[in-house]
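A structural walkthrough
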Amino acid sequence: AGGWGETPLFTPEAGWSVSGWGDLAFDAAGEALLVWPQTQGSIGPTRVWSARHAAGRWSALGAVSTGSGSAVNPHVGIDGSGVGTATWNESQAGIASARWERGAWGAPRLVVSVPSAGPVQLAVSAGGDAMVTWREGAENGPSRAFAARLAGGSWGSPAALQASGNPSDDPMVAIDPCGNAVAIWSEFAASRKRVWANRFETTCSGGGATRRD
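Residues numbered from 1 in each chain as written. Predicted model: local features only at pLDDT ≥ 70, side-chain atom pairs only at ≥ 80, totals over all residues. Heavy atoms only, no water.

A short note on the overall build of the protein chain
This is how it is decided: Going along the chain from the N terminus, every DSSP run of H or I of four or more residues is numbered as a helix, and every run of E of two or more is numbered as a strand. Just to be clear, the radius of gyration here is over C-alpha atoms, and the globule rule we use is 2.2 Å times residues to the power 0.38. Type-normalised accessible area, obtained with a 1.4 Å probe on protein chains alone, sets the label of each residue: buried when under 20%, exposed when over 50%, and partly exposed for intermediate values. Residues are treated as being in contact if the distance between any of their heavy atoms lies within 4.5 Å. Here Asp and Glu are counted as negative and Lys and Arg as positive; His is not counted, and neither are the chain ends. A charged residue contributes its charge at one atom only: NZ of Lys, CZ of Arg, CG of Asp or CD of Glu.
When helices and strands are tallied, the protein chain shows zero helices and 19 strands. Here the C-alpha radius of gyration of the protein chain, 18 Å, is about what a compact globule of 213 residues would show, namely 17 Å. Principal-axis analysis of the C-alpha atoms places the extent of the protein chain at approximately 50 × 40 × 35 Å. For the protein chain, with 213 residues in total, the buried portion stands at 41%. Sequence-distant contacts in the protein chain: of pairs separated by 6 or more residues, those separated by 24 or more amount to 32%. Computed over 15 positive and 17 negative side-chain charges, the separation of the two mean positions in the protein chain equals 5 Å.

What follows is the structure, encoded as structure tokens:
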């Protein structure tokens, strides 16, 4: 009604503490999912936790990640039908994902088995598609920008975003309601850092990398 409401405090479970920033997504009805990392004790594993906002109030949902490695850098998005997707980096595994549907989180799935993957970024379309991007370091080589697509409830194989072998960083992605996506990243070459972009098209051909100085 044009103003801020109450400010609820999310208290970690006994023995846990908040250990990083989270992410928030709203659906078309104004309900929301919030995810954030929590660590058990001083050296225990980090888990991705979640809370939901519905009917004007927040309710805790508990842990989303269940793997043996520490789960960090969580992101969340919600499609037009209210189905949520969360992704995160999981140590000793790679990039993991879980699906929010019918009021509960499903079992986590491994998107890509790359333990050295950099921070993941996520975009979810109104139609239910999703795209994640990350940077990945090759053995004895520079890091490169990669992406993977979620369509029909399944994650596809990773694809390199860049055509060059230049070191890359900071890949990000956005997606439209039809599932067309645009990714950007930076590349270092000739003592300069430049921003590049690539487009994923679902209904037409074309695209390719374009440099933006």
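Thoughts on the nonpolar core
Under the convention used in this document: Residues grouped as a nonpolar core are buried Ala, Val, Leu, Ile, Met, Phe, Trp, Tyr and Cys residues, joined through side-chain atoms within 4.5 Å.
Counting residues in hydrophobic clusters, the biggest one holds 15 residues, and the most contacted among them are I95, V111, A130, V132, W134, A148 and W155. At the level of secondary structure, the elements contributing two or more residues to this core comprise β10 (109-112), β11 (121-124), β12 (130-137) and β13 (143-151). Ignoring any residue separated from it by four or fewer positions in sequence, one finds W155 in contact with T85, T87, S97, R109, V111, A130, V132, A148, R149 and L150. Judged by nonpolar contacts, the second largest core, of 14 residues, contains A25, V35, W88 and W100.

Concerning the pairing of strand β17 (residues 181-189)
Within a regular strand, the side chains alternate between the two sheet faces. Our working rule: The pairing criterion for strands is at least two bridges between them, as found by DSSP.
Bridge analysis of strand β16 (residues 168-175) against β17 gives six bridges, and the strand direction is antiparallel. The partner of A174 across the bridge, within β17, is V182. Linkage of β16 to β17, two consecutive antiparallel strands, is achieved through a turn of five residues, within which G179 is found at a positive phi near 100 degrees. Pairing analysis gives nine bridges linking β17 to strand β18 (residues 192-200), with the strands arranged antiparallel. Within β18, the position partnered with I184 by the bridge is A197. Linkage of β17 to β18, two consecutive antiparallel strands, is achieved through a turn of two residues, within which A190 is found at a positive phi near 55 degrees.

Remarks on the packing of aromatic side chains
Any two aromatic rings considered together are summarised by their centre-to-centre distance and by the angle between their planes. Formally: Pairing of aromatic rings covers Phe, Tyr and Trp, the last through its six-membered ring, and needs centres within 6.5 Å; plane angles under 30 degrees mean stacked, over 60 mean edge-to-face, and all others mean tilted.
Tallying each qualifying case throughout the model produces three aromatic pairs. Each ring, one from W134 and one from F146, has its centre 6.1 Å from the other, and the planes form 15 degrees; the classification is stacked. Of this pair, W134 sits in strand β12 while F146 sits in strand β13, and the two are twelve residues apart along the sequence. Both residues of the pair, W134 and F146, count as buried.

Examining unusual backbone geometry
Even without being glycine, A55 reaches a positive phi, approximately 55 degrees. Here A55 lies in the loop between β4 (46-54) and β5 (57-63). Here S191, not a glycine, exhibits a phi torsion of approximately 65 degrees, which is positive. On the secondary structure map, S191 appears in the loop between β17 and β18.

Focus on the side chain of S65
The condition that has to hold: Whenever a nitrogen or oxygen atom comes within 3.5 Å of another N or O atom, the pair is scored as a polar contact, on the condition that within protein one atom can donate a hydrogen and the other can accept it, and that pairs from neighbouring residues in sequence are kept only if both atoms are in side chains.
By secondary structure assignment, the location of S65 is in the loop between β5 and β6 (71-78). Residue S65 is classed as buried on the basis of its relative accessible area, which comes to 2%. A distance of 2.9 Å separates a polar side-chain atom of S65 from the backbone nitrogen of V48. Not counting residues up to four positions away in its chain, the partners in contact with S65 are R47, V48, A71, W88, E90 and P108.

Details of the pattern of salt bridges
What counts is decided by this rule: Each reported salt bridge corresponds to a side-chain nitrogen of Lys or Arg within 4 Å of a carboxyl oxygen of Asp or Glu.
Inspection of the entire model under this criterion finds six salt bridges. Its salt-bridge partner being E201, residue R199 comes within 3.0 Å of it at the nearest N-O pair. By relative accessible area, which is 37% here, R199 ends up partly exposed. Put simply, R99, E101 and R102 are held in one network by salt bridges that share partners.

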